Structure formats: structure tokens, C-alpha cells
Amino acid sequence: MSTIVAESGAQLVARISSENRPTLENLCSDLFPDNGPPPGRIVEITGESGTGKSHFLMEIMARAILPTEYGGRDAHVIFFDLDCKFWIIRFLHILEKIACASNPDSDEKKTKEVIEKCLNGLFIFNCFSPGEYEGALQEMEELLTSDSSIALVTVGTIGAFYWVECTEEKPIKMTTYYKKALQRFRKVSNDYKVVFAFTRPDIFAPDVEKVPTTDADSPDYRIRLISHCTEEARGFEAETDARGQSYRTLFNIDNFGIKFLKL
Amino acid sequence: MLTKKSVLKNREVSYVSAYKLYQQTIQRPQIIPTGVKRIDELLDGGLQIGRIVEICGQPTSAKSQLSLSIAVNVASRKNIETIYVDTKHDLSGVVIRNMLRSRRYTENVIAETLQKIRVARIYSVEKLIELFENLDKRMTDKDNSLVIIIDSLPSLMYLHHGEAKFEGLNLLAESVLRMRKLVSRHQVAILVVNIITCGRKWTPVEKKKPEEMRLQKPSLGKHWQTVPCVRLLSKWIIDSHAVSFYNFANQMITGFEERKKLSYTSSLRMADKSK
């Protein structure tokens, strides 16, 4: 059976440049219990402030950029740091934790070299206005075409510019704003076969959670982080909804990022 | 109007690799101790370059005291500048001088430290945005590290209460973007003083705290809630002449049993208020 699919020149270039991208499948069974995420999927991380959304994002990025023998995927990553929550020192600690756990035989000097080297594969855009963000998104497409090692694009956080864009003269609903952003991510992830991951504070566009993850207007993974901290003990929970399948994991956060608890 | 052409033409942002960021980071100190030992413990060492820290609490819970102490401590260190943004017109040079005198500094050192604390009297958000903009333009890589203390942000925002729906929020969001730009492009750390208002809906991260805590939420609205990287809650402990500080991120708490320890000689003004 053959069907003729028409594609534009840009899509052709995107498809050809994306044929050899590394995959993020089986990234980490604690982060993605369903052995995902396959190329082209969108991951949303949500929760109250202080539940570890930015840490989760850093954890995913760290596992993508490390070499395979150090617990990673040897991929390149584009990161839009819109809320200044990315902290390079903490990120290095996370890389170190993963590298040491996956390759305990490697000596300290070698591990340090590996970590420093893989930092070259993380491209960070710092944007401070909607205009700069727009420019960066366009540059992202150029980057995706020229670098076929990029397998992951991350955004922290999705609503960062909402309150400068929603004005008295031009009001826009949070849900509409969210949908537009998501449609754009969807197009890029489909064209270039990359995974998109972003954070969303639960107070931003809370209505979108009613849309099931099987819907095209919705992310494929919705990871909801919940805090169970009390005065005596700290503990967090991650509820993953992957296209209707749900999973639960427990974790803690320390100076080395996320620490999953075995049940 | 954003068009594809205008965006491409004015494109000044480009990416940096994390390696470059790492190289820049290790060249310069990243942590500025506040000089108040227990607060440093709460903050994992002190104020961090590139991050925004908030102190929130009810009136007279020693927020301004703490920020003033930090300003003085930071200013008496070498190679660090301080800008104290005074939005309430209640900063007094005499108080700072007395704080320094109580530490038995020589008059020379006192004069030097006083000179290093630059005070910006700002009474509108627009002016605050202007300040951030000017700093961003003027600062270079060779400049000293800079600590900006804003005491306090909500007093600027209350000017926009009851105005057209979005205007205040737009201004706040704009100033947040400027703050972020400043801290991530330069060697800057920001400390913002905020107040606590009572509300029923907001619940802090740990839900099993006493009832009173559940009823309090930081002022400035939902958007602001997600802005600071670290939020400290200061609390006045009634009858015991003590103040406690609580870090929402690592759930650490510290208490100052006697006000003097925190605020040195300038606790006089606070004692008057509490009577």
C-alpha cells in the first residue's frame, strides 16, 4: 500500500536532517516508566512552586547530554531559560551524580573531563522579552537543521512572558496562550523528530489539565509533582500521565538533584 | 508589531553553550555571604549570583532589619557593591552608622562602608525599571559584584491598586524581566522584601503546618509567587522577643532568640513599634 505524502521544501530538509538523531527512549525508568519518550513527544512538568519542576527539567537534560557509557544518550539539547531558574552549579552536581552512578569505575579526573565535554552539547538561550524569545525560536530551527545530534528541546517555563503580552489593549486568555505555544512545539517536534519538555506552574492555565493527554492539543506526558513535606520529613511524588497510562514515583531533592526512592 | 522580518533584523540574542557558562561561572565568586551566620546557613552559604531571593513576612517581623544588616555586612566586604532601593523613604543614615559603630569600627572604616552603600530612593515601578535598565547598560564584566536590595517591592505596587485591570501586572512583569536580565547577564544578586497578606486559598508547600501559616500568602500576586528562586518567611514570635526565618525550598528554619543578635543596636526602632 502506498500513499503519496506531499511535503514542503523546509519539511524535506527537516526530515533529512532528522534521520540520524539519537533517541531518548529508555532515558530513565524512574523519569519515564513507560520506557519513553519516543521521538516527537511532548512532556509537560507541572506542580506548585517548590515541588521541583526545574530540577526535573535539569535531570532530563542531564541524562540526554551525557555519553551513553555514563548513563546518558549522547544527545545535544537546546534549552530556553526564560525564568532564570537554571543553575549551572546544581546542574554540574546532577551530571556528576548520574555519571558516577552509571560508571563507578571511571576515575575522578576522567569523569570530570567527560562532564565538561558534554556541556558543549547544551545550547542555552536566555530571553528577556517576547521579541527575543521569538528570535530564539527561529534560530532554534536553523540549529535543528544544522545539528542532527539535537534530540531534546526544553523550555522553562511556558508562561514566562504571559503578563507582558496580555495587556489591556490586547487581552489573551491563558488557555489560548498555552494552546498556541503547544501547537508550535508540536509542529517543531513533528518536523524534526525531537522531544520537547517544558515546565508549567500549576497556577498558569490550570484549565488545560482537563484535556486528556491523548488529545492532540495536549502534551503526551503530563508529570504532576506533589509535595508531601512535613516538619519531620521531606518527600515528593511524581504522577505521570502518559497518554492515558498513569504511573507514580516517589522522590526527594538534595544538592545532587532528584533522588528516586525505591518502593 | 512583531513580524518575522523585524525579529530577524533585530536578533541580538543567540545561544551560549553550557560549557561557556560554566567557564564564566568558575572565574568569579558565585556566593556572597550575608554575614548573618544563621541566614547564610538557611541560604546554603549566602546570596547567589544570578538568583533572586525574597524575604516575606508580616509588618515588624524584622524584614527590613535583616535586609539592612545584610546591606551593611556586604558593604563592609571588599570588591562588592551594594545598592539599597528604598521605596518607603525610611532609611536613615544614622541607623546605619550606629550599626557600624556598635561593631567598633574606626571612623575611617565607617565612612568607607557608608560610601559603598548606594541608596536609591524610588517611588514608582517605572523608575525601578529605569534603574535596572541603566545598570544593565552601564555594568561591564570587570565590575565588582553587586547586591541589590529592594525594600520593599509591594509598596510600589500598591500605587496601582484599583487601576485598569492589567496595568499593574504588566509593570510588575516588566520589572521581573529586567531583574532576570540583570542577574543573568552581570555579576548581580537581588534580595526583595515582600509582605505577607492573609488569604484562604494559598497553601505553602508543606500543608501540615499550623493553621496560621496556611492563611498567609506572599503579596504581589500569583505571577510573582513563581519568580524568586528562594523565599524566606520571617515570623515574629509574640511574647518571646524573637524572630524566626523559614526557607520554603529546603524547609530549614532558624530563630533569633534575642532581637539584638540580628539587628544590633538598631533594634530600638522596632521595639518601639511592638509596644
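Before any of the text, the structure's been laid out above.
Here the structure is a predicted model, which means the values were calculated and not measured. Starting from 1, residues in each chain are numbered consecutively following that chain's sequence as written. Each chain gets a letter, beginning with A, and each ligand a number, beginning with 1, in the order they are written. The predicted origin of the model limits local features to residues at a pLDDT of at least 70 and limits the giving and counting of side-chain atom pairs to 80 or more, whereas totals for whole chains, interfaces and linings rest on all residues. Side-chain figures throughout are based on the complete set of non-hydrogen atoms in the structure, without hydrogens or water.

**Topic: the packing of helix 5 (residues 130–146) of chain A against helix 7 (residues 174–192) of chain A**
Residues and elements named next belong to chain A.
Then, in step 1: Every axis in this analysis is a line fitted to C-alpha atoms, fitted for helices over the stretch in contact. Angles between the N-to-C directions lie between 0 and 180 degrees. Helix and strand assignments follow DSSP, with helices taken as H or I runs no shorter than four residues and strands as E runs no shorter than two, numbered in order from the N terminus. Interaxial distance between helix 5 and helix 7 falls to 11 Å at its minimum, and their mutual angle equals 10°. In terms of their interaxial angle, helix 5 and helix 7 are classed as roughly parallel. Within the contact between the two elements, helix 5 uses Tyr-133, Glu-134, Leu-137, Met-140, Glu-141, Leu-144 and Thr-145 and helix 7 uses Arg-184, Phe-185, Val-188 and Tyr-192.
Then, in step 2: When its residues are assigned to classes, the contact of helix 5 with helix 7 shows 7 nonpolar, 1 polar and 3 charged. Convention used here: angles under 35 degrees read as roughly parallel, angles over 145 as roughly antiparallel, angles from 65 to 115 as roughly perpendicular, and any remaining angle as oblique. A contact between two residues is defined here by any heavy atoms of the two lying within 4.5 Å. Think of it as three bins: nonpolar holds Ala, Val, Leu, Ile, Met, Phe, Trp, Tyr, Cys and Pro, charged holds Asp, Glu, Lys and Arg, and polar takes everything else, Gly as well.

**Side note on the sheet that holds strand 1 (residues 16–17) of chain B**
Then, in step 1: Paired strands are those between which DSSP finds at least two bridges. Pairing is mixed across the open sheet formed by 10 strands, whose spatial order is 9(A)-8(A)-7(A)-6(A)-1(A)-5(A)-4(A)-2(A)-3(A)-1(B). Bordering the open sheet on either side are strand 9 (257–261) of chain A together with strand 1 of chain B, each of which pairs with just one other strand.
Then, in step 2: Of the strands in this sheet, strand 2 (76–81), strand 3 (122–126), strand 4 (150–156) and strand 5 (195–201) of chain A are in contact with helix 5 of chain A, which crosses strand 2 of chain A at around 175°.

**Some details on the pattern of salt bridges**
Then, in step 1: Salt-bridge detection follows one rule: a side-chain nitrogen of Lys or Arg within 4 Å of a carboxyl oxygen of Asp or Glu. Counted under the stated rule, the structure contains 23 salt bridges over all chains.
Then, in step 2: Salt-bridge contacts for Arg-248 of chain A lead to Glu-239 of chain A; the nearest nitrogen and oxygen are separated by 3.3 Å.
Then, in step 3: Accessibility here uses a 1.4 Å probe with only protein chains present; expressed as a share of the type maximum, an area under 20% marks a residue as buried, one over 50% as exposed, and anything in between as partly exposed. Of the residues examined, Glu-239 of chain A reaches a relative accessible area of 27% and is grouped as partly exposed.
Then, in step 4: With a closest N to O distance of 2.7 Å, Glu-54 of chain B and Arg-231 of chain B form a salt bridge. Here Glu-54 of chain B, found in strand 4 (residues 52–57), pairs with Arg-231 of chain B, found in strand 10 (residues 230–237); they are 177 residues apart in sequence, far enough to count as distant.
Then, in step 5: Since its relative accessible area comes to 8%, Arg-231 of chain B is described here as buried.
Then, in step 6: Each of Glu-44, Arg-200, Glu-209, Arg-222 and Arg-224 of chain A takes part in one network of salt bridges that share partners.

**Focus on the nonpolar core**
Then, in step 1: The term nonpolar core refers to a set of buried residues drawn from Ala, Val, Leu, Ile, Met, Phe, Trp, Tyr and Cys, joined through side-chain atoms within 4.5 Å. Counting residues in each nonpolar core, the largest one holds 51 residues, and the members touching the most others are Phe-56, Phe-91, Leu-95 and Leu-122 of chain A.
Then, in step 2: A per-element tally of this core places helix 2 (residues 53–65) of chain A first, with 8 residues.
Then, in step 3: Excluding residues within four positions of it along the chain, Phe-91 of chain A makes contact with Met-58, Met-61, Ala-62, Ile-65, Phe-86, Leu-119 and Leu-122 of chain A.
Then, in step 4: Among the nonpolar cores identified, the runner-up in size contains 40 residues, and Leu-144, Phe-161 and Tyr-178 of chain A together with Ala-173 of chain B belong to it.

**Here we look at the environment of Glu-130 of chain B**
Then, in step 1: If you trace the backbone, Glu-130 of chain B turns up in helix 7 (residues 125–138).
Then, in step 2: Along the backbone, Glu-130 of chain B and Ser-175 of chain B are 45 residues apart, and their C-alpha atoms lie at a distance of 9.1 Å.

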